[in-house]
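Descriptive analysis of the structure
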Amino acid sequence: MFLLQLRSELWKLFGKKRTYIGFLFFLLGQMAIVLLFRFGAGPARGMNRMLEANGYVARDFITSLTVATFMLFPIAYLLLPLYVSLVGGDLLAKEAEDGTLRMILSRPVSRIRLLFLKWVAGSLFAFVLALALGLSGLACAALFFPWGGLFAFAPPQVFRILDAASGWKYFLLAHLVLSLKAVTIMGLAFMFSCFNMKPAAATILALSYVFANMILQNIPFFSDYAPWFLTTHLDLWQMVFVEPLPWWKICQSFSLLIGFNTTFLVIGGLAFYVRDIKS
Amino acid sequence: MIPHHRKAVATAALILAVGWGVAFAGYALAGWTNHTLEKFDAYVQSVDFARLSGDARIRAIDKLVRELRALPAEERRQGWVESPWSRWFATMNDQEKSHFAQLLAPDGLDRLAAAFGQLPDERRRLLVRNSVLRLNDIHTKLNPDAAPATGGLESWQMPADLQQKLITDGIKPHYEELTGEARVDFELFLEELQQMMGTTEVLRGRPFRQ
């Protein structure tokens, strides 16, 4: 029964056009970056210079993997939170706005079950969107750049050079870890959508919370407080490119994100449970 | 508050407490598995290498290198400069020394050597100089009372003729000539060089600053 209901939620979610905005804009954004990098004079020259100044043969590392990886950073910072919170903010608030929530709840399904189903559907969307980000980036880059080694920046100020096989492994791992960021931000927007508010308000509140954290995290004098900001843990996917892989840090952030996700789901669930649904 | 709402709030509080309990337990556990220089030193001190025999010695060497490699870059270099394994080294046979040196060879040594070989002389000179200065800086900080460096690798003052040899002939010929402890010392230099070549600082041609 759970799977049947989940299928119905997924059907509803993927039946909306707005669900595909993220996929579409990722593709457009990545294609624009790839075309600029391929045909623009400046960007490729800059990377060439950087690699060759360090003795590496640029043509071995200006590859589809490298291009897909450097595109990932700005998109994962800005666009990914936008699209997952758009969908997360819609999941319940849109039903309330459209007036379909009362009709759904008049069926023999508990509020908590409905809420959980929607959260699972939203999480699956966020997971697929994060993986699609990587695959579409790689596909766009593969149109103009050959397959080969990976040249990736790993904070702070260190870059990593990897052969194609290892590079692909780390690229995939980065996206798997990135999907946790997507699920968390979706969960945050979903929590707001459980309150009595419009979908757009839920989306904006979630984004405001994420960006406020990002601003605080990036103030140099606040570096001691970094572990207290959500975005510090959301950025754990970047750790994948650090040598040696700091598993302990990844596991720490992962543990705290479990706490954050539980909080978002429980607060949202409680608000939805005690809420008086009138329309 | 309606009674069933009160129950819902209590259940939510309980779930939150359990959720954060699990989260903090995971956080603490992950922190505990963190590799630190203290843990590394403690491991080296805990093993009486001279008393081990056969495969146990090889396993101990393997674990030593694994622990060293798991340290963050900064601590790894510090641990390497400190070389707390000198006591072990004194009782290793040639085969074990060679195994130890082989394990410590930087990943992608061939790629590093090739990349270094592609660089112009001036850039190679800067990289060698910066790597030596940085190691010397770590060494001096760890041994503030030590006598001034006299020119051996052990004090991280690489002789000028060796520096010149590396600049003109590249890394590989010298590396292949070395054995035992000298190779282990040189591998630390290679690790530092690799680190330097992986930063944008040197790309901009900046000299080393203490």
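About the cut-offs
Residues numbered from 1 in each chain as written. Chains lettered and ligands numbered in written order. Predicted model: local features only at pLDDT ≥ 70, side-chain atom pairs only at ≥ 80, totals over all residues. Heavy atoms only, no water. Phe/Tyr/Trp six-rings, centres within 6.5 Å; stacked < 30°, edge-to-face > 60°. Lys NZ or Arg CZ within 6 Å of the ring centre and 35° of its normal. Buried < 20%, exposed > 50% of the residue type's maximum accessible area, 1.4 Å probe, protein only. Helix = DSSP H or I, 4+ residues; strand = E, 2+ residues; numbered from the N terminus. Contact = heavy atoms within 4.5 Å. Buried area = accessible area lost by both parts, 1.4 Å probe. Polar contact = N/O pair within 3.5 Å; in protein donor to acceptor, adjacent residues only side chain to side chain. Nonpolar A, V, L, I, M, F, W, Y, C, P; charged D, E, K, R; others polar. Core = buried A, V, L, I, M, F, W, Y, C linked by side-chain atoms within 4.5 Å. Salt bridge = Lys/Arg side-chain N within 4 Å of Asp/Glu carboxyl O.

**Things to note about the packing of aromatic side chains**
- Throughout the structure, instances matching the rule amount to 26 aromatic pairs over all chains.
- Here the aromatic residues Phe14(A), Tyr20(A), Phe23(A) and Phe125(A) are joined through ring pairs into a cluster of three or more.
- The lysine or arginine in question, Arg111(A), covers the ring of Phe272(A), its NZ or CZ lying 5.8 Å from the ring centre.
- One Lys or Arg, Arg183(B), reaches over the ring of Tyr175(B) and ends 4.2 Å from the middle of that ring.

**Describing helix α4 (residues 73-82) of chain B**
Residues and elements named next belong to chain B.
- Among all positions in α4, only Ala-73, Arg-76, Arg-77, Gly-79, Trp-80 and Val-81 are buried.
- Looking at the buried residues of α4, the elements they touch are α2 (37-46), α3 (55-70), α6 (94-104), α8 (121-142) and α11 (180-197).
- Just beyond α4, the residue with positive phi is Ser-83, at close to 45°.

**Focus on the side chain of Gln163(B)**
- Here Gln163(B) lies in helix α9 (residues 160-169).
- In this structure, Gln163(B) is in contact with Val128(B), Arg129(B), Val132(B) and Met158(B), ignoring residues within four places of it in sequence.

**Considering the interface of chain B and chain A**
- Chain B puts 37 residues into the contact, and the matching count from chain A is 29 residues.
- Between chain B and chain A, a total of about 2,800 Å² is buried, with carbon and sulfur atoms accounting for 67% of that surface.
- Linking chain B to chain A there are five residue pairs in polar contact (both at pLDDT 80 or more).
- It is helix α1 (residues 3-32) of chain B that contributes the most residues to the side of chain B that touches chain A, 15 residues altogether.
- Tallied by class, the residues present in the side of chain B that touches chain A amount to 18 nonpolar, twelve polar and seven charged.

**Overview of the nonpolar core**
- Counting residues in hydrophobic clusters, the biggest one holds 72 residues, and the most contacted among them are Val84(A), Leu101(A), Phe190(A), Phe241(A) and Phe272(A).
- No other element matches the 15 residues that helix α9 (residues 164-193) of chain A contributes to this core.
- Each residue touching Phe272(A), except ones within four places of it in the same chain, is listed here: Leu92(A), Leu101(A), Leu105(A), Arg111(A), Leu114(A), Leu115(A), Cys194(A) and Ile277(A).
- Among the nonpolar cores identified, the runner-up in size contains 65 residues, and Ala101(B), Val128(B), Met158(B) and Leu162(B) belong to it.

**Some thoughts on the environment of Met47(A)**
Residues and elements named next belong to chain A.
- With respect to the helices and strands, Met-47 occurs in helix α3 (residues 42-53).
- Linking Met-47 and Thr-184, residues 137 residues apart in sequence, is a C-alpha distance of 33 Å.
- If we skip the residues at most four places from it in the chain, Met-47 touches Phe-37, Ile-62, Thr-66, Phe-70 and Phe-151.

**Overview of the pattern of salt bridges**
- One pass over the structure, following the stated rule, counts 22 salt bridges over all chains.
- The closest approach of N and O atoms between Arg18(A) and Asp90(A), which form a salt bridge, is 2.9 Å. Linking Arg18(A) in the loop between α1 (2-14) and α2 (21-39) with Asp90(A) in helix α5 (residues 64-90), this pair joins segments that are 72 residues apart in sequence.
- Exposure remark for Arg18(A): the relative accessible area of 34% places this residue in the partly exposed category.
- Assessed through its relative accessible area of 5%, Asp90(A) is described here as buried.
- For Lys165(B), the salt bridge identified is with Glu177(B), shortest N-O distance 3.2 Å.

All we've got here are geometric facts, nothing functional implied.
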